[in-house]
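# Secondary and tertiary structure notes
Listed below are the residues making up each chain.
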2 protein chains.
Amino acid sequence: MKIDFTNIFSENIGEHGVNRNEIFKKVELIKSVKKRIIDKINDDFYPLTLPDEMLKEVYEINNYASYIREKFDNLVVIGMGGSILGNELLHYSVNGIYSNFVKPKKVYFIDNIDPETNLTLIQTLDLKKTFFNIITKSGSTSETLLNLLLLVDILKKEGLNPKEHFLFTTDPEKGLLRKLSNELEIKTYPIHPKVGGRYSVLSHVGLFSAAFEEINIEKLLLGAKERKEKFLNKEPIENSEMLFALTQYKFFKEKDVNINVIFSYSDGLEYLGKFYEQLLAESIGKKFSRDGKEIYAGITPVVARGPYHQHSTLQLFMEGPYDKLIIFVVPKKFRKDALIYNSLGYLELDFLTGKHYSELLLNEYIATKMALTQNGRPNVSIEIEKIDEENLGRLIYFMELEVLALGELLNINPIDQPSVEIGKRFTHALMGDKNYSEYLKTLEKLENVDKLILD
Amino acid sequence: MKIDFTNIFSENIGEHGVNRNEIFKKVELIKSVKKRIIDKINDDFYPLTLPDEMLKEVYEINNYASYIREKFDNLVVIGMGGSILGNELLHYSVNGIYSNFVKPKKVYFIDNIDPETNLTLIQTLDLKKTFFNIITKSGSTSETLLNLLLLVDILKKEGLNPKEHFLFTTDPEKGLLRKLSNELEIKTYPIHPKVGGRYSVLSHVGLFSAAFEEINIEKLLLGAKERKEKFLNKEPIENSEMLFALTQYKFFKEKDVNINVIFSYSDGLEYLGKFYEQLLAESIGKKFSRDGKEIYAGITPVVARGPYHQHSTLQLFMEGPYDKLIIFVVPKKFRKDALIYNSLGYLELDFLTGKHYSELLLNEYIATKMALTQNGRPNVSIEIEKIDEENLGRLIYFMELEVLALGELLNINPIDQPSVEIGKRFTHALMGDKNYSEYLKTLEKLENVDKLILD
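Residues numbered from 1 in each chain as written. Chains lettered and ligands numbered in written order. Predicted model: local features only at pLDDT ≥ 70, side-chain atom pairs only at ≥ 80, totals over all residues.

### As for the overall build of chain A
Let me state the cut-off plainly: Secondary structure elements follow DSSP: runs of H or I no shorter than four residues count as helices, runs of E no shorter than two count as strands, and numbering proceeds from the N terminus. Buried means a residue has 20 or more other C-beta atoms within 10 Å of its own C-beta, exposed means 12 or fewer, and partly exposed covers the counts in between; C-beta atoms are placed from the backbone. Contacts are defined on C-beta atoms placed from the backbone: any two residues whose C-beta positions lie within 7 Å are in contact.
Within chain A, the regular secondary structure consists of 20 helices and 13 strands. Dimensions of chain A, computed from the C-alpha atoms along their principal axes, are close to 70 × 65 × 60 Å. Relative to its full complement of 455 residues, chain A shows a buried share of 58%. Considering only intrachain contacts with a sequence separation of at least 6, the fraction spanning at least 24 residues in chain A is 74%.

### Overview of the nonpolar core
For the record, the criterion: Take the buried Ala, Val, Leu, Ile, Met, Phe, Trp, Tyr and Cys residues, join any whose C-beta atoms are within 7 Å, and the set you get is a nonpolar core.
Ranked by size, the top nonpolar core spans 280 residues in total, and within it I327 of chain A together with I327 of chain B carry the most contacts. In this view, I327 of chain A contacts N260, V261, I262, F263, V380 and I382 of chain A; residues no more than four positions away in its chain are not counted.

### A look at the sheet that holds strand 13 (residues 453–454) of chain A
As a reminder, the rule being used: The pairing criterion is simple: DSSP has to find at least two bridges between the two strands.
One open sheet holds the 6 strands; their spatial order is 13(A)-1(B)-12(B)-11(B)-7(B)-10(B), and the pairing between them is mixed. The sheet terminates laterally at strand 13 of chain A together with strand 10 (300–305) of chain B, the two strands that pair on one side only. Two strands pair when backbone bridges link them, and strand 7 (residues 259–264) of chain B and strand 11 (residues 324–333) of chain B are joined in this way by 6 bridges, in the parallel orientation. Across the sheet, I259 of chain B pairs through a bridge with K324 of chain B, a residue of strand 11 of chain B.

### Considerations on the relation of the copies chain A and chain B
Formally: The copies are overlaid by a least-squares fit using only the C-alpha atoms of residues whose pLDDT is at least 70 in both copies.
Placing chain A over chain B gives an RMSD of 0.0 Å and needs a rotation angle of 180°, together with 0.0 Å of translation along the axis. Both copies of the chain, as the preceding transformation shows, are related through a two-fold rotation axis. Relative to the rotation axis, the C-alpha of V302 of chain A is the closest in chain A, positioned 3.2 Å from it. Comparing contact sets, 99% of the residues at the interface of chain A also lie at the interface in chain B, consistent with an isologous, same-surface contact.

### Focus: the domain arrangement of chain A
All names here are of chain A. Condition: Delimitation of the domains relies on an automatic or database domain assignment. Each residue gets one of three labels, nonpolar for Ala, Val, Leu, Ile, Met, Phe, Trp, Tyr, Cys and Pro, charged for Asp, Glu, Lys and Arg, and polar for the others, Gly among them.
If you check the domain split of chain A, you get domain 1 (2–39 + 220–410), domain 2 (47–215) and domain 3 (419–444). A separation of 30 Å is found between the C-alpha centroids of domain 1 and domain 2. Contacts between the two partners involve 23 residues from domain 1 and, on the opposite side, 25 residues from domain 2. Among the elements of the structure, helix 13 (217–233), helix 15 (270–284) and helix 18 (389–410) are those that each provide at least two residues to the side of domain 1 that touches domain 2. Top element by residues in the side of domain 1 that touches domain 2 is helix 15. It accounts for 8 residues. Class assignment of the residues belonging to the side of domain 1 that touches domain 2 gives a composition of 13 nonpolar, 3 polar and 7 charged.

### Describing helix 9 (residues 142–157) of chain A
Residue and element names in this part refer to chain A. To keep things clear, this is the line we draw: Given a helix with a known number of residues, its expected span is that number minus one, times 1.5 Å.
An ideal rise of 1.5 Å per residue puts 22 Å on 16 residues; helix 9 measures up with 23 Å between its terminal C-alpha atoms. The buried count for helix 9 comes to 12 of 16 residues, which makes it a mostly enclosed element. Listed as buried for helix 9 are S142, E143, T144, L145, L146, N147, L148, L149, L150, L151, V152 and L155. Once helix 9 finishes, G159 follows within two positions and takes phi at roughly 75°, a positive value.

### Comments concerning the sheet that holds strand 4 (residues 130–135) of chain B
Residues and elements named next belong to chain B. Note the following rule: Fitting a line to C-alpha atoms yields each axis, with helices limited to the stretch in contact; the angle taken between N-to-C directions then spans 0 to 180 degrees.
An order of 3-2-4-5-6 is seen for the 5 strands of this open sheet, with the pairing classed as parallel. If you trace the sheet from one side to the other, it starts and ends with strand 3 (106–110) and strand 6 (188–190), each paired once. Across the sheet, the mean angle from the axis of one strand to that of its neighbour is 20°, orientation sign disregarded.

### Here we look at unusual backbone geometry
P307 of chain A follows G306 of chain A through a cis peptide bond whose omega is -15°. Within the secondary structure, P307 of chain A sits in the loop between strand 10 (300–305) and helix 16 (314–319). Even without being glycine, D256 of chain B reaches a positive phi, approximately 55°. One can find D256 of chain B in the loop between helix 14 (240–255) and strand 7.

### Quick notes on the UniProt feature "active site" (unreviewed entry) in chain A
As a reminder of what qualifies: UniProt positions are given in the numbering used here, feature names are shortened, and annotations may be inferred rather than shown by experiment.
Under the feature "active site" (unreviewed entry), the UniProt entry names E282, H311 and K424 of chain A. Of the residues just listed, which span 143 residues, the most distant C-alpha pair is 37.6 Å apart, and they do not cluster in one region. When you line up the elements, E282 of chain A lands in helix 15. With respect to the helices, strands and loops of the structure, H311 of chain A is situated in the loop between strand 10 and helix 16. Among all residues touching H311 of chain A, those that are not within four sequence positions of it are M80 and G81 of chain B.

This is how it looks when you write it as structure tokens:
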């Protein structure tokens, strides 16, 4: 894994870059951030210990996954946000966008509650051969419970015993799903109370479905563990996570860069972008008070895929406001490739022929990076050798650690998400939940205004 | 279609809103924008005539699509950016995310050049029963030509005649694809020279694949035509397109709102978001000079899907910087639904039971909109009765027209994309194309700097 910071410096991109010396003057700040992270590692930042902790569980998870593989052809993972984004990331990046076309065992994701999507999927699956992993940390996520109720009903109608078709993953003690698991005797994996959704991919949350689809979860954890050890053993200013967080921080605070683009040159790694989207947005998007002033922090992540987005948003990245930091994520080798022949014989096609299919993609990455650099647009490149479990472990740990470091730099709590609660309460009120009826008045007030609706 | 502007006004969302009276003071500005659009309608803004023009072609397109349906089971659409985003939008929204699970005829999209993805797909298709629609306006898009070369080679190896498996869609006269089509006698649909990629979904570009998958393209065009007539016949200030563009303009110019979130409460409509992403980014992301000053215009679109993104980015939308305008797009009815029973018997689940599955989704939309409004976050809602061809025609025309109006408000050309050219030239140089070797020196200079690469 190589992280290239060259194109953030003003000496290379001009006035919209940052000063190289200023970055390296921050040694003390970065040292203190590292110290604060280490102080929290067994408490709020417990997810950073997961590579070690979960290595002890690999054998059991693989065993259970094998047992389920023998009995079932399909696995459906059901969860919202952090309870499923990591599973999707591992599936699409390691096994590919068309994994279900080629692998004997199929994995599907229900990450939303669109009835047209979910009913169509459920109606086409052979439920006798389908196993469901229901994941919710709190055990009370409305969308996940709705999907559970729907499934229980459908399974019963088919004469199937829900108990044999479910694995739950939830809090070790609390919540409705835990209660249900005890009463119905459904196998249930625990989520450590200090492991929040968006930091949970390397826990039972992400590992069971990965093991089911024969992703090597040991290698995944070892890749992550390697990053952990680098973090602990290297000089803080030489940790790419720390420097990356400092880069985002400086561009946000000093250059009004409120947008970070995760530009992956791989279809599967688009899901790493979606994983990072939640990680960055929920961790750093925070209101707080300082010296009696309200401050609204937050960097908006934008997920892009190359070269696809060169034909969609690149024009904006090149000529729009200087409000973006571009983060390339690129595998240097692809696991499938083809040699291209000029079977049509046109001179205009000579530049493509005798080359490998992947060369165009990789050269487009370099060309795009250079075009942005020439236009004074700051960019960082993360290159991995190829997409595999170890590199994904590294990337996941890199992203989690650097977002925690960014939280420390901004002096905010990167672990909570206080502001999504109010919408949940409004939803309960609208659904007729009497425990929340007090909110109906607020909703009425918000509705009862002078409207402007056009057709 | 109802467009609700209520929650952009300061009387409802406080200091981060705009003044209602100020909006309506802009009558003259909006009148002049309308006039300028109408003046260009038969020239640069020719795409606005497509509903009428293409209605004349419906019979032929449907006929040809039926003929191809009889001979083939699979259609693969191959294109980049505007040459495929509209096709994807129609497929996923009208026929659903799992369309290929239930429909007898399958449609696939090759919208990128990731070898792992594309080779896997091609290797799993029965090529004898597969038809390919290759789309490139210029006829020279490198990625599309690479995919064409790969396919010609594979088809030949299988003993199949490429001529019988291809439909081209390209410029009526110019470009390599047109030349090829003449020499190989491949059926080729024209793209009017004044129809750029991102404005081409209602041309042959989008309509053939839609007709193949039995989407009613006549209704689609009639929905769009209805918007066109509303635009021509109503008072400019009562046109929701004009008011929408004015809203984006005022928030961008006066409130530093550089991000617009397209928040669709439907899985399929996420692809409307991706379509709009290109439309807004490429059309409005422009550098220009005024009074001797360089100005960098551009609003960054962010694609979100509800309720999914409530568990990912909503925390940021609620508490982050006031840099966003949220645009909800919501169908009020779903074409599939289910009644939910409390088959588990827990009191905590009562709020979900006896209701339709879609009610939670729709209430979450209202709850989220109200929570954002209460937090002073500007938002506009676009509601349609349900997802169908007529409503999609309306939505597509709405979006195209309002982006053109926004271009007029900003005094920029919303039709071109000048800045993506340099990356293309760099790519040709890197691929060894001798016509572009002059760029190798520039690339060398950009590479030859003091690097900072960490592991």
